[in-house]
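Next come the chains, spelled out residue by residue.
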Amino acid sequence: MGSVKEYFSSLGSGILSLLQGMQVTGKEFITPKITEKYPENRENPPVAPRFRAILELKYDADGNHKCIACGMCERVCPNGTISLTTKMVDTADGKKKKKLDTYTYYLGSCTFCQLCVSNCPTQAIDFSNDFEQAVFTREKLIKKLNYLPEKEEPAPTPEQLAKIQAEREAKIAAAKAAAAAKKAAATQESAPKEESN
C-alpha cells in the first residue's frame, strides 16, 4: 500500500514540476525578443544612446568648427590615438594665431574612454552614435576629422592696417622715450658722484 502511495505522490510532484517548466517556457514564447537581426536591420539598428562609435569634430551650419588647436585632447589620450598639426596665421589685428591644420584620429587604438571629449575646453569634439565602423584594412581606421576646408582669415582693411601701424609706431615712440628717460636718469646719478670725487 505504501508503495502505491509513494508512486502517486512522486507522479504528482513530477507533473507539478513539468507544469512549472512549461509555464517558464510559455512565458519565453510570448516575451518580446531582444536578439537583433543584424545585418538585416542595418538601416535602422537600435543603438543605445550612450554608444560611442567614432570621434567627430562638431561643425556648425556655416562649416566652422570650435577647435582652437590647444592640443588638450592629444595630451590626455592614453593611447596616442589623436594627433594634431597646427599652423600660425596672421589675424586682421596684426597678431599671430594658432589654427588647426590636420586633426588625425586612429580608430583602431581608441578605447572610447571619452577623456578627450570631457577635457576639450570648447566642446569641439564628440563621439558619434554610428554603429557601422568595420573596415577591411587598417589604413581606413585612420581618419582626418577636419574634412571641410579651413576658411582663410579675413584680410585686414586699409583702416585696420593704418590703426595697427599707428599703434606700432606709438609703442616704438613710447619705448624710445622710456629708454631716453632711463638714460637721462642714469647720467644724473653718475654726475653727482663725479662732483663729490
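Refer to the structure above for everything that follows.
Residues numbered from 1 in each chain as written. Predicted model: local features only at pLDDT ≥ 70, side-chain atom pairs only at ≥ 80, totals over all residues. Heavy atoms only, no water.

For Ala69, which is not glycine, the phi dihedral falls at a positive 60 degrees. Assignment of secondary structure puts Ala69 in the loop between strand 1 (55-57) and helix 2 (72-76). Accessibility expressed as a relative area gives 2% for Ala69, which makes it buried. Backbone geometry at Gln114 places phi at a positive 70 degrees, although glycine is not the residue there. Along the chain, the position of Gln114 falls in the loop between strand 3 (96-106) and helix 3 (115-119). (Helix = DSSP H or I, 4+ residues; strand = E, 2+ residues; numbered from the N terminus. Buried < 20%, exposed > 50% of the residue type's maximum accessible area, 1.4 Å probe, protein only.)

Along the polypeptide, Gln133 turns up in the loop between strand 4 (125-127) and strand 5 (142-144). Excluding residues within four positions of it along the chain, Gln133 makes contact with Ala53, Ile54, Leu107, Leu141 and Lys143. (Contact = heavy atoms within 4.5 Å.)

This part takes up a nonpolar patch on the surface. Among the surface-exposed residues, Val4, Tyr7, Phe8, Leu11, Ile15 and Leu19 lie close enough to one another that they form a single nonpolar patch of about 600 Å² accessible area. Note on placement: Leu11 falls in helix 1 (residues 2-30). Taking relative accessible area as the criterion, Leu11 reaches 39% and is therefore assigned partly exposed. (Patch = residues over 30% accessible without salt bridge, like charges linked within 9 Å, V, L, I, M, F, W, Y side chains within 5 Å. Areas by Shrake-Rupley, 256 points an atom, 1.4 Å probe, with all protein chains shown as cover. Salt bridge = Lys/Arg side-chain N within 4 Å of Asp/Glu carboxyl O.)

Scanning the model with the defined rule gives 4 aromatic pairs in all. Judged by centre distance (5.3 Å) and plane angle (70 degrees), the rings of Tyr7 and Phe8 are edge-to-face. Between Phe51 and Phe131, the ring centres sit 5.7 Å apart and the planes meet at 45 degrees, which makes this aromatic pair tilted. With Phe51 in the loop between helix 1 and strand 1 and Phe131 in the loop between strand 4 and strand 5, this residue pair connects regions lying 80 residues apart in the sequence. With a relative accessible area of 30%, Phe51 lands in the partly exposed category. Overall, Phe131 belongs to the partly exposed group, its relative accessible area being 38%. (Phe/Tyr/Trp six-rings, centres within 6.5 Å; stacked < 30°, edge-to-face > 60°.)

Looking now at the side chain of Asn146. Position of Asn146 relative to the elements: it lies in the loop between strand 5 and helix 4 (158-196). Residue Asn146 is classed as buried on the basis of its relative accessible area, which comes to 3%. Of the polar contacts made by the side chain of Asn146, one reaches the backbone oxygen of Asp101; its length is 2.8 Å. Excluding residues within four positions of it along the chain, Asn146 makes contact with Leu57, Tyr59, Leu100, Asp101, Thr102 and Tyr103. (Polar contact = N/O pair within 3.5 Å; in protein donor to acceptor, adjacent residues only side chain to side chain.)

Reading across the sheet, the 3 strands line up as 2-3-5 and stay open at both edges, with antiparallel pairing between neighbours. Only two strands of the sheet have a single neighbouring strand rather than two, namely strand 2 (82-90) and strand 5. When strand polarity is set aside, the average angle formed by the axes of neighbouring strands in this sheet is 25 degrees. In this structure, strand 3 lies alongside strand 5, joined through 3 bridges in antiparallel fashion. Directly across from Tyr106, in strand 5, lies its bridge partner Ile142. (Pairing = 2+ DSSP bridges. Axes fitted to C-alpha atoms, helices over the stretch in contact; angles between N-to-C directions.)

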